[in-house]
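Given next are the chains, with one letter for each unit.
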Amino acid sequence: MFLSPDAPEEEAAHAQYMQLALHEAEQAAKSGEVPVGAVIVRRSQVIASAHNQRETLADPTAHAEMIAITQAAGAIGDWRLTDCVLFVTLEPCPMCAGAILQARIPKVVFGALDPKAGAVTSLYQLLEDRRLNHTVSVTDGVLGEACGQILSDFFAAQRQLGKK
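This one's a predicted model, so the numbers in the text were calculated from it and none came from an experiment. (Residues numbered from 1 in each chain as written. Predicted model: local features only at pLDDT ≥ 70, side-chain atom pairs only at ≥ 80, totals over all residues. Heavy atoms only, no water.)

(A) Structural view of helix H3 (residues 64-76). Compared with an ideal rise of 1.5 Å per residue, which puts 13 residues at 18 Å, H3 spans 18 Å between its outermost C-alpha atoms and is within 8% of the ideal. Those residues of H3 that sit buried are Ala 64, Glu 65, Ile 67, Ala 68, Ile 69 and Ala 72. Close packing links the buried residues of H3 with strand E1 (37-42), strand E2 (45-51), strand E3 (84-90) and helix H4 (94-102). Phi for Gly 77, located one or two positions after H3, is positive at around 75°. (Helix = DSSP H or I, 4+ residues; strand = E, 2+ residues; numbered from the N terminus. Expected span 1.5 Å × (residues − 1). Buried < 20%, exposed > 50% of the residue type's maximum accessible area, 1.4 Å probe, protein only. Contact = heavy atoms within 4.5 Å.)

(B) The environment of Thr 61, seen in detail. Residue position: Thr 61 is located in the loop between helix H2 (54-57) and H3. Thr 61 sits 34 residues away from Met 95 along the chain, and the two C-alpha atoms are 8.0 Å apart. Setting aside anything within four residues of it in sequence, one finds Thr 61 in contact with Met 66 and Met 95. In terms of polar contacts, Thr 61 uses its side chain to reach the side chain of Asp 59, at 2.7 Å. (Polar contact = N/O pair within 3.5 Å; in protein donor to acceptor, adjacent residues only side chain to side chain.)

(C) Up close: the packing of aromatic side chains. Tallied over the entire structure, the rule returns two aromatic pairs. For the ring pair Tyr 17 and Phe 87, a centre distance of 5.2 Å and an interplane angle of 45° mean the geometry is tilted. Placement of the pair is Tyr 17 in helix H1 (residues 8-30) and Phe 87 in strand E3, with a sequence separation of 70 residues. No difference in accessibility class separates Tyr 17 from Phe 87, as the two residues are buried. Judged by centre distance (5.2 Å) and plane angle (80°), the ring pair of Phe 154 and Phe 155 falls under edge-to-face. Relative accessible area serves as the criterion here: at 10%, Phe 154 is assigned to the buried category. (Phe/Tyr/Trp six-rings, centres within 6.5 Å; stacked < 30°, edge-to-face > 60°.)

(D) Up close: the environment of Gly 118. Looking at the element boundaries, Gly 118 is found in the loop between strand E4 (107-112) and strand E5 (137-139). Separated by 31 residues in sequence, Gly 118 and Gln 149 have C-alpha atoms that sit 17 Å apart. Beyond its immediate chain neighbours, meaning those up to four positions away, Gly 118 contacts Glu 91, Pro 92, Leu 123 and Tyr 124.

(E) Representation of the state of the cysteines in the model. Enumeration over the complete set of coordinates arrives at zero disulfides. Looking at Cys 84, it has no disulfide partner, and the nearest cysteine sulfur is the one in Cys 96, 16 Å off. Judged by relative accessible area, Cys 84 falls into the buried class, the value being 0%. For the unlinked cysteine Cys 96, the closest cysteine sulfur is that of Cys 93, found at 3.7 Å. (Disulfide = S-S within 2.5 Å.)

(F) Up close: the layout of surface pockets. Its boundaries defined by the atoms lining it, the largest pocket holds a volume of some 620 Å³. Val 34, Asn 52, Arg 54, Phe 154 and Phe 155 are, among the 23 residues lining the largest pocket, the residues nearest its centre. The set of elements that each furnish at least two residues to the lining of the largest pocket consists of H2 and helix H5 (144-160). With six residues, the single largest contributor to the lining of the largest pocket is H5. Classifying every residue of the lining of the largest pocket gives nine nonpolar, six polar and eight charged. (1 Å grid on protein atoms, 1.4 Å probe; cavity = no way out; pocket = protein on both sides within 12 Å on 5 of 7 lines; lining within 4 Å. Points joined across faces, edges and corners; volume = space filled by probe spheres on them. Nonpolar A, V, L, I, M, F, W, Y, C, P; charged D, E, K, R; others polar.)

The values are spatial; any link to function lies outside them.
Shown next as structure tokens:
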């Protein structure tokens, strides 16, 4: 799945995998979770897919990325995900960015920016910080409008219900 940045196939592949992540986000919304989905691809095969489950599991670390990273490590039998790409509908937070770095994931593709908690481009640039022992190639804005819309719709519905 490591194509040249100029390859038109890469853009189509990114959209295809982001659609799978969006499906996961939809599953999260149906469960009353913040609709964020993630998939991890290795050698053009999806080896992990997850969505937020913080409410379901009563676990503040149950972000889509964290669950997908755990699944992927289990699938390949190694904590080093050095030949994988993470696709996620929302810009990762500091916790998830840290897990991405620890897992040695070389590439992250995300959809919507997170101006309140984003640790990839919005507030921090943790994945490209040369002071750390690993850096990550980042592509943002893939299906960004759709990724942002599912979040906007979810939070609008939550406000109508009077939830925080």
